[in-house]
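Breakdown of the fold
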Amino acid sequence: MAVAFDRALASFVASCAHVTAVHDLVTKWRLELQGGYLLDLYFNEALGKYSYALVRAGARVLGWDNAPHHPGLSSFPHHVHRPDGEVEPSTLTGDPGHDLELVRREIEAFLTK
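The structure reproduced in this document is the subject of the present report.

Reading the values: the criteria
- Residues numbered from 1 in each chain as written.
- Predicted model: local features only at pLDDT ≥ 70, side-chain atom pairs only at ≥ 80, totals over all residues.
- Heavy atoms only, no water.
- Helix = DSSP H or I, 4+ residues; strand = E, 2+ residues; numbered from the N terminus.
- Expected span 1.5 Å × (residues − 1).
- Buried < 20%, exposed > 50% of the residue type's maximum accessible area, 1.4 Å probe, protein only.
- Arc of directions from axis to C-beta.
- Contact = heavy atoms within 4.5 Å.
- Polar contact = N/O pair within 3.5 Å; in protein donor to acceptor, adjacent residues only side chain to side chain.
- Core = buried A, V, L, I, M, F, W, Y, C linked by side-chain atoms within 4.5 Å.

1. Some thoughts on helix 2 (residues 96–111)
- For helix 2, spanning 16 residues, the distance from its first C-alpha to its last is 21 Å, which sits close to the expected 22 Å at 1.5 Å a residue.
- Within the sequence span of helix 2, burial applies to Pro96, Asp99, Leu100, Val103, Arg104, Ile107, Glu108 and Leu111. The buried residues of helix 2 occupy one face: seen down the axis, they fall within an arc of 160°.
- For helix 2, the elements touching its buried residues are helix 1 (2–15), strand 2 (29–33), strand 3 (37–44), strand 4 (49–56) and strand 5 (59–65).
- Where helix 2 begins, the capping side chain belongs to Asp95, and its oxygen is found 3.0 Å from the backbone nitrogen of Gly97.

Structure representation (structure tokens):
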């Protein structure tokens, strides 16, 4: 599925007009976005883990991950951290081909507000 992540990342970069630079940081990818935002993308196929975080000025603004620390959510372990600090169920599945498209749409909506 690493190939699937690479394809999904390439599609994200090609489709998102807000991306200004892309950096391979070995353990994760970092996308620089307009407005001083960063998007950190971590995906580990072998462990079945992912974390996608929109960051500005060193603080997470939005974040999606599947760390098992919110067992009460209907989408456990998948969840999203909202700007107001709330944690909600997520429609992400762990498949980067599906997930990064949803993340891109939500980030674009957030950045165009």
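2. As for the nonpolar core
- One finds Phe12, Leu33, Tyr52, Trp64 and Ile107 to be the most contacted residues of the largest nonpolar core, which totals 24 residues.
- Counting residues per element, the ones that place at least two in this core are helix 1, strand 2, strand 3, strand 4, strand 5 and helix 2.
- Excluding residues that lie within four positions of it along the chain, Phe12 makes contacts with Val19, Leu31, Leu39, Leu100, Val103, Arg104 and Ile107.

Everything listed here is a matter of coordinates, which is why it stays silent on function.
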